[in-house]
Structure formats: C-alpha cells, structure tokens
Amino acid sequence: MDILLQQLFNGLTIGSVYSLVALGLTLVYGILHIPNFAHGALYMVGGYFTLLFMTSMGLHYWIATFLSIIVVGLLGVLMERIVFNPLRHAPPIHDKIAAIGVLLFLEALVQFLLGPEYRSMPTPYGEVVNVFGLTVTAQRILIIVTAIVVMIILHLFLKKTMIGAAIIAMSQNREGAFLVGINANKIAMLTFFISGGLAAIAASLSSPINLVFPGMGHLVILKAFVIIIIGGMGSIPGAIIGGFILGFAESLGATFISNDYKDIIAFLLLVVILTIRPKGLFVKGVH
Amino acid sequence: MLELTDVSVHYGGYLALRDINLSVKDGELVVLLGANGAGKSTIFRTISGLSKPSKGKIEFMNKNVNGLSPDRLVQSGIVQCAEGRKLFPQMTVKENLLLGGFSNRKDKERIKQNIEKSYELFPILREKKDNQAGSLSGGQQQMLAVGRALMANPKLILLDEPSIGLAPLIVEQVFEVIQQINRDGTTVLLAEQNANAALKIADRGYVIENGKIVLEGQSQELFDNDEIRKAYIGA
Amino acid sequence: ACSNTTSQPAESGTKDTDTKAEEGEKVVNIGYSGPLSGPAAYYGENTLGGLKMAVDEINESGGFEVNGATHKLNLVSLDDKYLPNETGSNAKRLVQENKTPIIFVPHSGGIFATQVFNMQDKFIIGAYSSEPKINEQGNKLTLRIPPKYDAYIKPFSEYQMERFGKKIAMLPTSSQYGKDWAETLEPKWKEMGGEVVYKGSIDFSKDTDFFTIVTNALKEKPDVMFVGGPSEPTALVIKQARQLGFKGGFLIMDQAKLDEIEAVLGGPEMIEGSVGVLPLINSKYEGNEKFIADYAAENGKNPGSEAGYHYQAMYLFVEAMKAAGSVDDSEAIMANLQKGLEAIPADKMIYEIEKVEEDGGLYTPLRMAVVEDGKIVNQSTEAK
Amino acid sequence: MSHIINGRNSIIVLLLVAVLFPLLIDNQYYLHVLTLAFIFTIAVYGLNIIGGYTGQLSLAHAGFFAIGAYSLGLLTVKAEMNFWLALVLACVITTAIGGLIGLIALRTTEHFFAIYTLCVGYIIYLIIYKWEGLTEGVRGLIGIPAPSPIGPIKFETPISQYYLVLFFLVLVIFLVKRIIESLTGRTYIAIRNSEELAQTIGIATMKHKLVSFILSTFFAGLGGALYASFIRFIGPDVGYTNVVFDMLMYLLVGGIGTLSGPLIGTLLIVWLSQSLQFLQDYRMLLFGPLLVILIIYYPYGIVGGFKMWKAKRDAKKRQVIINQSINQVSVKEE
Amino acid sequence: MLLQTKGLTKSFGGLTAVNNVDFEIEKGKITAIIGPNGAGKSTFFNLISGFHPPTSGSVVYNGTDITPLKSYQIAKLGIARTFQTTNLFEQSTVLDNVIIGHRLRTKSGLFDAIFQTPRLKREENECKEKAYEVLEFVGLTNLADMPVAGVSQEAKKRTAFALALATDPEIVFLDEPAAGVNPEETDGLAELMKKMVTKGITVCTIEHKMQMIMNLADKIMVLNYGKKIAEGTPEEIKNNEVVIEAYLGGGGVARAN
Ligand SMILES: Nc1ncnc2c1ncn2[C@@H]1O[C@H](COP(=O)(O)OP(=O)(O)OP(=O)(O)O)[C@@H](O)[C@H]1O
Ligand SMILES: Nc1ncnc2c1ncn2[C@@H]1O[C@H](COP(=O)(O)OP(=O)(O)OP(=O)(O)O)[C@@H](O)[C@H]1O
Ligand SMILES: [Mg+2]
Ligand SMILES: [Mg+2]
C-alpha cells in the first residue's frame, strides 16, 4: 500500500514532466503538422539556459527559469522562421528530417560551447518533505503543481481567447485562417514560442532531479511523441492524460512487473492503445 | 472602391491572368462570369492577397494594397468567401463564425450581433451551432462559409461561386441574401456559374475567358448578349 | 572547454605526415576512434584528453628516438558515435590513409568490429574495455588497457559487510560494464555470506527519474547499495537514496569517481560509508602529480582514470616502440610491451601498473578508498 | 548529348564502375565504406517500397534490419548453422515477424502509422537489448562468420565481400524496378495517392499494403543479415531509432518514391559524413545545417530535383506553352 | 430490379442522416436523387457503396445482400461511384488515373511482376486498352498525359467518370457531377450520362440542377431529413406539393420547367 502510494506519486512527478514536453510538441504537431524532433533539443537547451542563468549570472531559480522560457521560446521562433516556414508546403516527412538536422546541430553546438559533461542544477527546493507517509522532495511537489497550473493556463488560453482559437483554426485550415484575417505567420511563430517555452519549463523543473547534458532531450522526446499520438494529435487533454498514463505505466510497471522491462511495458501499452483506437484516445471522428 | 490595373498572375511558369483591368465602385454588385478555369478564382485569390500578382496594381479605397498580407486586407475590409469553403472542420459551427469575426475581435457586442444575423440568414446554422463544421452536408457548409465571411463586417465581400452545390430553394435564398447584404451597404464582387440568377441581381458584369477579360457591361447588356446567353445561361 | 582534442588538426586524415616534422624527423600517426558526438561524447572526450596530453608532451620534449631517427607523434582522431560499424570504417581509414600502427578504441563493440581485420591489416588495438572476451578470441594485437575489476570485489564487499551488514541492493548502470560488475559481485557477495535483496539496473541514457527504482530497492531494506556508472548520475542515485531515507553504505563501481561524486553532491555527507576506487587526485605521488596538475590546467577539471590510463598507455607504446626498434612493426611492438612498461619514466607512471599479462592485458594492483568521518581515505593495498 | 545519358546506358556505366571499382583503387577504406553503404541501400529500398510507393512511412525498419542481423548472427554463432541457410532463414524470420506486425500496424494510417511503427521499432530494440539470454544484451554477438564459400568462391576478403553485397544490391534494384513498373507498383502508388479512392475502385488496400510492408521488411532483413556478416559483430544499436532516421535521411535526400533515390541518397550522405570526419566532434555543426539546406532546396531529393530540372529544360526546348505550368507538373510528380 | 435498399438507416450520434429508406433502382435507367442540403443523399450513396456501414437495413444487389461487404468488394461486383468533391489521384496523369481503375479486373501480383509473366503483360495491355477506351468515351483522349492537378474542373469530372467506367461497372453512382460546371458543359455531362445508359450502364445521380435532372431522369427520389418524401417521374415530382415546399421553391419549379 505504502509502496503503491509512493510509486503513484513518482509516476505523477514524471508524468507531469512528460505532459509538459508533450504539450509543446502536440501544439506544433497538431497545429502546424510538424513532427518537431528538435523539440528534444529545445528541452535540452532550456535546461542549459536555466542552469547558466543560475550559475554564471547568479539569478534565482525562478528568474532563471523565466528568462529561459523567453530565450528558448525565441529560439523556437527562429527555428520556425529559418527551417520550418520554408518547408511548409513540403510533405510532412521533410519536416521530420529537417528537425533531425536541427537536433543534431543544436546538440553539437551545445557540446561545442559547453562541453559534453553532465552538470547538475541546484534547486532552492531540495528539502525532503514527508506527507501522508510519502517521502518526497519539495522540488517534486513543485513539478506537479507547476505542471498542472501551466496546463490549466494553456487550456484556458486556447479555449477562451480568440488568439487561442486562431491557433486551433490554423491547425485545421491554414488558408481558411488567412481568409478570416488571421496572420498565419504570427500564429506559427507564437505557437513555436509557446512550444519552446513549455520545453524550457519542463527542463527547468526536471533538471534538479536529473542532470543537464547535451543528450538529455533523448530521454523525453521519443516518449513525448508517443504520448501525443495516443492522446490524439493536437489534443491538449490527450497530451496531458497520455503523459500521466506513461508516467504511471513506468513507475507501476517497474514496481509490480519488472524493472528491466518497464520501458517495454510502457511502449507495449501504447501500442495496445493504438491498436484498439487507431486514431488515439481523444480524437473525435470527423474525416 | 476596388481598382485592378493591368494585373497579371503566374502559377509557376503558367500565366493564369493577363492584364486584368477591373473596377468595382462603392455600393455596387458586380458579377464575374466565365467558364471553368477561366481565372475567376485566381482574380479573387489575388485581390485577397493569397496569390501575388507578377505585374500590375491593385488599389482599394484609393490605397495601393498590392502585396499586403491576407490578414491586413481583411482588416482593411476585403473579405472573401472562397471556393472550397475553407472551413475549420473540427471546430463547431459557432466557433467558425466567431473566428470569422477575428479581425474585430475586440468588439464583443458586434460579434454577438453578427452571429445572430448569420443565424437569421441561415436558420440551419443555429440548429447545428454545436456541431463540427466537417460533419455538415455540402450545402450547409456553403452557408456557413458565407456566414463566416459576413462576420468580419466587410466593406467589400468577394463571393466565389456561393451557390455551388446548393438546393434550388437555398440558391434563391442565397441570392436574396446577397442582394440584402448589398443593399445594407456592402460592396459585392460575385463569381458565378449561375449567370441567370447572378445577372438578375448584379449592376454590372465582366466576362472572363482564358485569363483575360473579354467583355464588360451593364447586367442587362450582358443578359441580352446572345453569345453570353448561349455560353453561360443555357438555352 | 573541450574544443582542442587533437594535438594538431588532423586534416582530413588524408596526409600521413604532418608539417610539424622538422628535418630528419619522422612522424608516427596514432589512431583513435571513439564517441566524440552524441550521448557518449563525454566519455570519448575524456579518453582522448589523456592521449592528447601524452602526445603533446612527447612532441614538445623533442619526440623520441627509434633506430637513430627522431620520431614525433601525430594523433588522428575520428568520431564513431559509439557505433561499431563506424569504428570499423574509421579503423580502415586510419590504416589505409594514415598508416597508423596503433588505434585506440574505447568501447568493446568497436573493438570487436575492428578485431575482424586488425590481424590482417597489422595494427594494434589500444583497447579500453574491461570485457574479458576481447582477449579471449586469441587476437594477438590487442592490448587491454584498463585493469580487471574483479580484484575490487572482495575488499569492497568485505568493507561494506563489516560496516553495514549483509543485505545488498544492486542498482548499477545498465551498461555492459555495469552488468559485468554485477555478475561478478553477486556470486562473490553470496559466497561471503551475504544476501542480494534487490537486483536491478539503471539506464542512464533512458531513465528520466531514478526515484522509482530506488524506492523499489529500498523497500527490501538493504544495508548496502551497489551503484555505479558515470559519476554524476551515480551521485544522483546516491542523493535520491538518501532522500528516501537510506542510511547504509554504498559500494561504488570503479567507473564512478568518489571525488567527482563528492563534488556533485556538494560535500561528503551523503557518501559517508562508501567504498570505491581511489580517485587519482587522492593518490598523488611523484609520478602523477604533474599530470594531474597539467590536465586540470588544460581541461578545467581533474582527470579521471580514462584519461590517466590513456596517457600512460601512450607512453607505454612509445617505450615499446623504442624497445622494439620499430614504429610500424606491430608484432614487435606487442612483443616489447613488458620492456616498454619497465622503461616508462617514473614521472609518467600515473598508475602502478605491474605487468603486461599473458593474454595481452595490463595488470594494476588494487586501488581502493573509503569515506570515513567525512573524508576520502586511501585503503589501497600498497598503502596498507 | 542528352540521349547518351539515357536510362539504359547510365545503368550499364554505373554497373561497370561498380564492378571495376575495387580494381581501380587500392584503398580498402573506400571499399569498406562503399560495401557498408550498399548494405544500407538495400534496407533503404525496403523503406522506399512501403514509404515511398505505398505511402505508409514505417519507422520500424531499423528494428527489422536488426531482426535480420540478429537472426543471422544467432543462427550462425549459437546454432552454428551454414551461412547461406542462415541467410535465407534470417529473411524468412524477418518477413514473418514483419507480416505479423504489419497486420496490426497497418490498421493505423498517416502519422499514427509512423509513430506506431516508431514504437514497434523501439520495442524491438528494447527486446534485443534486454533479452540477454538470447541476444547477449548490450554485450552483443561476436564471432559472426563471414559467408561460407560457394565452391571455389570464398568471401573472406573485403573485395569478395564487396562483390557479394553488390550482387545483392543489383538483385534488389532489379526486383524493385520490376515490381514498381508493374500493375502491382501502380496499385501501390494509387494507395499512396488516396487510399479511400483506391478502395472505391475495388482495390483491396489492406492486402496490398500488407504485401508491400512484408516485402519492405524482407529487404530490411536482408540488409541486416548482410550487415552482420560484414561487420561480424552486432550490438543492440543496429536496431536503434537513429538507424531508421539515417535510412530516412538517405531516402529523402536521394528522392523518396523514386527508383534511384535510395542509392544516390545513401551514397551521397555516407560520402558526406565520411568527408566531414576531419571536423570530428564538430561535424554535426556542419552536417545538421547541410541536411536542413538539402531538404529545403531539394524537397524531392536529388533525383526529384533532377527530374524537375529536366522537365523544365524539355519544356523550354519544346517551346510549348500548354494550358499548364510545368512547375506544377513536376512538383506534383514528386 | 438491379439494386434495392430495404429500411436503410444511418445515424451519426443523435442525427439520423438516412432514415428507413426503401428504394429500388431499375436496370438501364437513369435514376436521380434530389433533396435539400443535408438531406442525406451523399450518405445514402456512402451506405450503398460500403463506405459507411448502415445502422440498420440492407442493400440488395442482383439478388444478393451486399450490406456486410467492404467497399472494394462492392466495387468488384460492378458498383462504381464518384464523389461530391472530386476525388482523384491528383499527382498522377489522367491516363494513369484511369489505368488503375481497371486493376480490380486483373489478377497479377508480386510473382507476376518479378517474373514478368505473360499474364502480367496481357493484363497490363488490358488495363491500357480499357483506359484509352473510356477516355475516348468521355472525350478526354487529348488530355491523357496531363497531370490531374492541372486540368479544369470539368475535365476532372470527366476523369472521375472515366475512372468509374474503367472498373467495368454495371451501375454508377454519381454525386453532383455537374456542380460548379457551367451550363454549356453541364449539357455535355448530361449527354455523357445518356451515352452510358445506351452502353448498358445503369446510372444513379445526385444533382441540384433541376433543369438538367428533369430532362434526364427516368425516375427521381426525393429525400428530406433522411426520409424519402417522394418518388416518381420528373413530371410527378415537379408537381408534388411536398417537394416544392421542401426543396424546389417557386424558382426551382420555374427552372425545372
Ligand atoms: N495552384 C495552381 N497552380 C497552377 N495552376 C493553377 C492553380 N490554381 C489554378 N490554376 C489554373 O489557373 C487557371 C485558372 O483557374 P481558376 O481557379 O482561377 O479558374 P476559375 O475561373 O475559378 O474556374 P472554376 O469555375 O472551375 O472555379 C486554370 O487553368 C487552373 O488550372
Ligand atoms: N461523418 C459524419 N458525421 C456526422 N454527421 C454527418 C456525417 N456525414 C454526414 N453527416 C450529417 O448527415 C446529414 C446528411 O449529410 P449528406 O452529406 O448526406 O447530405 P446531402 O444530402 O448530400 O447534402 P448536400 O446536397 O448538401 O451535399 C447532414 O446533416 C450532415 O451534417
Ligand atoms: Mg473558381
Ligand atoms: Mg452531398
């Protein structure tokens, strides 16, 4: 019982991180139909920026995170302009390969500038807290709370504001969006900005419980892709729930089935879900 | 109000429009007639900024609007109801309409009124307001497209074959609506296959063939022209 | 930080002599193929760092003399992204275009892929891997550089059992090295009367969070935890175990360095009671002091064993070449390794390598350290 | 001028160059790299069949490559089977597994299929990685034998291995050419263009997709088996996701859905990445952007770009302006 | 009776798009389906051609129940269709589009392709001949090598006809073939439909162009809100009060006459 609770909490923590990464990905994938494999690189860069702002400029964790959101968001915008905008008429696989090119470049760049070594990010919330017999650190609670808050804000933004609606409209008919006076370019850039920002938040939150290194994006990106697919592409609730499903599958699978095979369990689960619902969990059927 | 001077448009190497000269005056209802592939939609796309002219000038309300992006043109009052409808299929009817009002999104009151107006014009839209646009029948989608275009309170509305795929009863209604819109002060440029109905409500018309304007005149003149009767109205 | 990885830009590897060679001097190309990009780049850079230092030093000191001619070294390093097929291509290239008599390969996959043709193409593999199989295939031109780890197992276990108890939870890295360790440790631990209460491994390149597995391991109430892998993530595992209330000791496999772990954790509190390999900087003596200082100055960090062993191996090969009287007869060089080892100047002996073993491996005596009362204490055999 | 470089002649010239290549150079490194590139080309042809012609982008093909490689490795090393028998069995095993997976995976379409197969590929990789009892896990399989001799022909030397691989490559290209130029190929293209429409004109799309999927896994498996016998050591890495991305890169740069695209793309990218070796750890700094530029400026690959250029030139020559833009023609053609 | 629907019903969620429709199509006739937008006409087609499974009811073709069959199996039985929004292989040429239309009548597979069997050669020729034959029939021979994406709306409609005809159908279902086509060309399409009938093909079409339909159809069915509200000859339909109110309106009647 005890262990179940503890592992549920662990699953929740890691699921929150997955969800945040997946959200950024689902926005770009769902809206601009770009399978942005470079999203993992944005995540990585986000971790580095927060770390650098903290260590070399001595900024507080939150301020560093905030700046990192802005910088990585802008990096996302830059990526959209230079790489994806020229490719918007190309078939979707092209985006994928271009994104891989960007990923390789960013990783190499970070390694070139900062070195390949692991770094750890200090957190002001390192203390251990015991709640209901669970051992947790404040940082982990912070991850969960922040992730949920961010998700709610994003949901409200997309559902309740015209700009949010415009983002969704773009996803369904780019030319139609032009016709009602939406500046598709601006929306594309905004989408990438939000997506980059989400990656930066996710990285800033999770880095203190893991490490910062050039390959850190690989840890999450594949999983994030899977999440947005099972959730249903472009579906915000899908990305969130998918993230938690994966988080729980990993922590509970590792505990009650097999630690060695926990990744296989998680991926098999996803395959099973897709086998039963070939279009994901949250897609309403309109063709 | 709208003035095209010597406008040419290329699709890649293919010349789709050649030296088009066309004007629409404030408050007018002008119809473009032409066979399939003549270039009507291309004219519309060019005016809306979706295609860029390779040559020539486009003026709207005495300002050069050549090269402006589509969203700026919508803001300045040119709205198109395009061929193929271009709806947002997974959004509800109501959301589609709301987005139609994107350019005056600050004015909540007006958007509300406009939505009401659309519902009055096409009652089926009210009935289906919470359905996804993609699930509507072809004709219903066409109505939604017209309704959405009106949401932006256009000064000039471009209607590209609005009656396509509509039941006869609805076609009548649509033409009435167009007339209504025009009477309420919106300038209309209309492309139609249904020349008969179109010329009845239009002030003037242009006939376009193979990317060139071959004839221009008052509705009645065109209506009485034998060749036009044969080609566009049917025996 | 790690920009300059070769002594001289190796060009495209198309030239086999380097411009630096002066009149009457000859150049020996030394090959390297390891992960210089991608997830394992950190490891690759460390191995290359040691080689590079040795090569620079030798060249700056005027080269070395073989058969009356002065030779200088030129390090040609290629990236293989940790992929065996790339190592194979790289090795072919190094041999064909640079005529390298020696190629350093720091991962077993690459070593296997290269062993397919190194006898035929007559070059020596400077193999940095603990995999016993690399010497079992009867490949006469492979030198295993790092020590066998099995010597650590008994003393490490003894120490932990004595101090904390007999129940161990195993959580090493899931790399091949980690598995080797675990597989050697498990029977030994049991043989010594211990009990393995949890067996698992952590994949540092795939796992986002270690809380889950550490929670599961601690559920079994172990007295000792066996951890290891690169120092930083290992440190993180240790930290999370402490956060989850673990009070016992850590048996740390040699890939992780106590000093680096201490640095990551910001102090020795959390690793109190750990046993691990003696960090290079904690066993400074005349032979390696200068190396440690120079390396730190150049790379902005203390050298780990990968760097140290590669550094020393380079000197070993140079001395062996001298002894063999040839810079390209790979068999002769191999045959003269023991002589070479004995001839390494005292101030280049980073580790007390005792001998070159029969099967072509280097033998290094036990080097062990424990953390007691907040200090890293040397417990190596020679110190006892 | 231009009729000298027509299809048939250029194929003969290419084949001649490929056959003579080992005699012309004495640098075994080139031979080694070229052999490897050919092996990957075979697998990329597999990817091209299902992704380029049938239009279902599979990201599981690194997995099938690995299944081919491991099947051969295990059969020869652990079961000590004759090499050729093992080669045949390796292909059979790969296609059998491919068939099973295809049966389920092809229920999904488009992006879903891509990511579904990405998951499947990753699961294959994980199984190889974790199932130590069978695959030796991270340690990998060593001591895979070179192809056993057929009569007097031995396959120990790099040159003979090169010819062996070249033989298979030519065979594969020949097969692919025949298939895609037949009614079956047309059917695949129809499914790619619109599965819905293909169905309404009476094509059993599921059956055809499955067959082309199985066919593509066969090529991937063959490539993998040859790889194992060439490198003679395999680890789980051969099945990692990166490998399928590499294949995809070769395919796209060469020209997806074209006959020569896989060959050209693979050779070019392999050559490029070998040439950039002098940059060592910074090579991705250059390679990444180069890739992006290639993709942006040659969206239809080298072969597609060439076709487009030729179409334009021909049109200019003929000086005919039909009621159509050539740009559109060639762009839509892929 | 060539084709018959019995109590055919389709619901999408709460909406019943086709509601309990009994209908019969006679061999060798032109049958038309009309009705307001959203009446369920296209859905009705989708049910017959196996595109959607019906919620209840059945479709009987030549005496066999084809309701459970997949769309490709139905096509093989000789039922062809076109779509409301022209649906073609946009990237291929007109000819290639049509060639593949005959694929369902061929048998050669991978084996034939690899070994270039005589059967493959024969069938390839068959497909080509068929393609030229139907292109000739619809009058598109001169556009055969144009990519579909580059031909006019009307030529696309004809290509869609040709594609349907290439499957050797016994009956074709045409969904608004003349939408967006100008009057002169509309007449051309009408002629084409008549020509199909003389060739022995049964035609069933959806259309909003009353003028055309009234001159063309032998029998008309009117749908409204998924229900059949009338059925009969053009003359009967024109004068049916219910139809006038629901669909034709004053102007429609005028045009229909
Ligand atoms: N994106 C495009 N690329 C290339 N050519 C095009 C493109 N769009 C249209 N065309 C060509 O330009 C010409 C004019 O097309 P346009 O769509 O403007 O005609 P239209 O008068 O609106 O015809 P319809 O009545 O069929 O809508 C046609 O020959 C068409 O094939
Ligand atoms: N896939 C679907 N999901 C939900 N509702 C649908 C779907 N397809 C059609 N409908 C609904 O079913 C009704 C009938 O649609 P259908 O397309 O058959 O109309 P139609 O008679 O062809 O109209 P039109 O003449 O305008 O093309 C409409 O109200 C439409 O909204
Ligand atoms: Mg048009
Ligand atoms: Mg319809």
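Source: prediction; values computed, not measured.

### So, the packing of helix H3 (residues 93–100) of chain B against helix H4 (residues 108–121) of chain B
Residues and elements named next belong to chain B. Between H3 and H4, whose axes approach to 10 Å, the crossing angle comes to 125°. By the angle between their directions, the pair H3 and H4 is classed as oblique. By crossing handedness, the relation of H3 to H4 is classed as right-handed. In this structure, H3 contributes Lys94, Leu97 and Leu98 to the contact, and H4 contributes Ile111, Ile115, Ser118 and Tyr119. Counted by class, the contact of H3 with H4 contains five nonpolar, one polar and one charged residues.

### Describing the site of ligand 2
The local shell around ligand 2 holds 22 residues, among which Ser135(B), Gly139(B), Lys41(E), Ser42(E) and Thr43(E) are the closest. Around ligand 2, the nearby residues trace back to chains A, B and E. Between an oxygen atom of ligand 2 and a side-chain N or O atom of Lys41(E), the distance comes to 2.7 Å. Between an oxygen atom of ligand 2 and a side-chain N or O atom of Thr43(E), the distance comes to 2.5 Å. Secondary structure elements with two or more residues in the shell around ligand 2: helix H6 (138–150) of chain B together with strand E2 (15–25) and helix H1 (41–48) of chain E. Among the residues making up the shell around ligand 2, the classes are represented as six nonpolar, 13 polar and three charged.

### Description of the site of ligand 1
Close to ligand 1 lie 16 residues; Gly37(B), Lys40(B), Ser41(B), Thr42(B) and Glu83(B) are nearest. Near ligand 1, the surrounding residues belong to chains B, D and E. Here an oxygen atom of ligand 1 and a backbone polar atom of Ala38(B) are 3.2 Å apart. Taken by itself ligand 1 offers 630 Å² of open surface, and the protein chains cover 79% of this. Of all elements in the fold, only strand E2 (14–24) and helix H1 (40–47) of chain B reach the threshold of two or more residues within the shell around ligand 1. When residues in the shell around ligand 1 are grouped by element, the largest group, three residues, is from H1(B). Residue composition of the shell around ligand 1, by class: five nonpolar, eight polar and three charged.

### A short note on helix H8 (residues 184–206) of chain A
All names here are of chain A. Counted at 1.5 Å a residue, the expected span for H8 with its 23 residues is 33 Å, and the 33 Å between its end C-alpha atoms agrees. Where burial is concerned, most of H8 is hidden: 18 out of the 23 residues are buried. Capping of H8 at its N-terminal end is provided by Asn183; its side-chain oxygen lies 3.0 Å from the backbone amide nitrogen of Asn185.

### Regarding the arrangement of the chains
No other pair of the eight pairs of chains in contact has as many contacts as chains A and D. With respect to C-alpha atoms, chain B approaches chain C no nearer than 35 Å, and the pair has no contact. Spatially, chain C is disjoint from chain E: no contact exists, and the shortest C-alpha separation is 33 Å.

### Remarks on helix H7 (residues 176–191) of chain C
Residues and elements named next belong to chain C. With 16 residues, H7 should cover 22 Å at 1.5 Å per step; its first-to-last C-alpha distance of 23 Å lies within 8% of that length. Within H7, the full set of buried residues consists of Gln176, Tyr177, Gly178, Lys179, Asp180, Trp181, Ala182, Leu185, Glu186 and Trp189. One or two steps after H7, the chain reaches Gly193, where phi turns positive at roughly 90°.

### Focus: the interface of chain A and chain D
A common way to express how large an interface is: the accessible area buried when the components associate. Counting from both sides, the interface comprises 40 residues of chain A and, opposite them, 39 residues of chain D. Around 3700 Å² of area is buried between chain A and chain D when both sides are counted, 81% of it from carbon and sulfur atoms. Taken as a group, Ile93(A), His94(A) and Ile97(A) account for 15% of the area that chain A buries against chain D, more than any other trio of residues on that side. Inspection of the chain A/chain D interface yields zero salt bridges.

### Focus on the packing of aromatic side chains
Counted by the stated rule, this structure contains 48 aromatic pairs over all chains. Taking 6.2 Å as the distance between ring centres and 75° as the angle between the ring planes, the aromatic pair formed by Phe113(D) and Phe213(D) counts as edge-to-face. Within this pair, whereas Phe113(D) is found in helix H5 (residues 110–130), its partner Phe213(D) is found in helix H10 (residues 205–231), the two being separated by 100 residues in sequence. Judged by relative accessible area, Phe113(D) falls into the buried class, the value being 0%. By relative accessible area, which is 0% here, Phe213(D) ends up buried. Counting every residue linked through ring pairs, the aromatic cluster contains Phe267(A), Tyr122(D), Tyr125(D), Tyr129(D) and Tyr240(D).

About the thresholds
- Residues numbered from 1 in each chain as written.
- Chains lettered and ligands numbered in written order.
- Predicted model: local features only at pLDDT ≥ 70, side-chain atom pairs only at ≥ 80, totals over all residues.
- Heavy atoms only, no water.
- Axes fitted to C-alpha atoms, helices over the stretch in contact; angles between N-to-C directions.
- Helix = DSSP H or I, 4+ residues; strand = E, 2+ residues; numbered from the N terminus.
- Parallel < 35°, antiparallel > 145°, perpendicular 65-115°, else oblique.
- Left-handed = near helix turned anticlockwise from the far one by under 90°.
- Contact = heavy atoms within 4.5 Å.
- Nonpolar A, V, L, I, M, F, W, Y, C, P; charged D, E, K, R; others polar.
- Near = heavy atom within 4 Å.
- Polar contact = N/O pair within 3.5 Å; in protein donor to acceptor, adjacent residues only side chain to side chain.
- Areas by Shrake-Rupley, 256 points an atom, 1.4 Å probe, with all protein chains shown as cover.
- Expected span 1.5 Å × (residues − 1).
- Buried < 20%, exposed > 50% of the residue type's maximum accessible area, 1.4 Å probe, protein only.
- Buried area = accessible area lost by both parts, 1.4 Å probe.
- Salt bridge = Lys/Arg side-chain N within 4 Å of Asp/Glu carboxyl O.
- Phe/Tyr/Trp six-rings, centres within 6.5 Å; stacked < 30°, edge-to-face > 60°.

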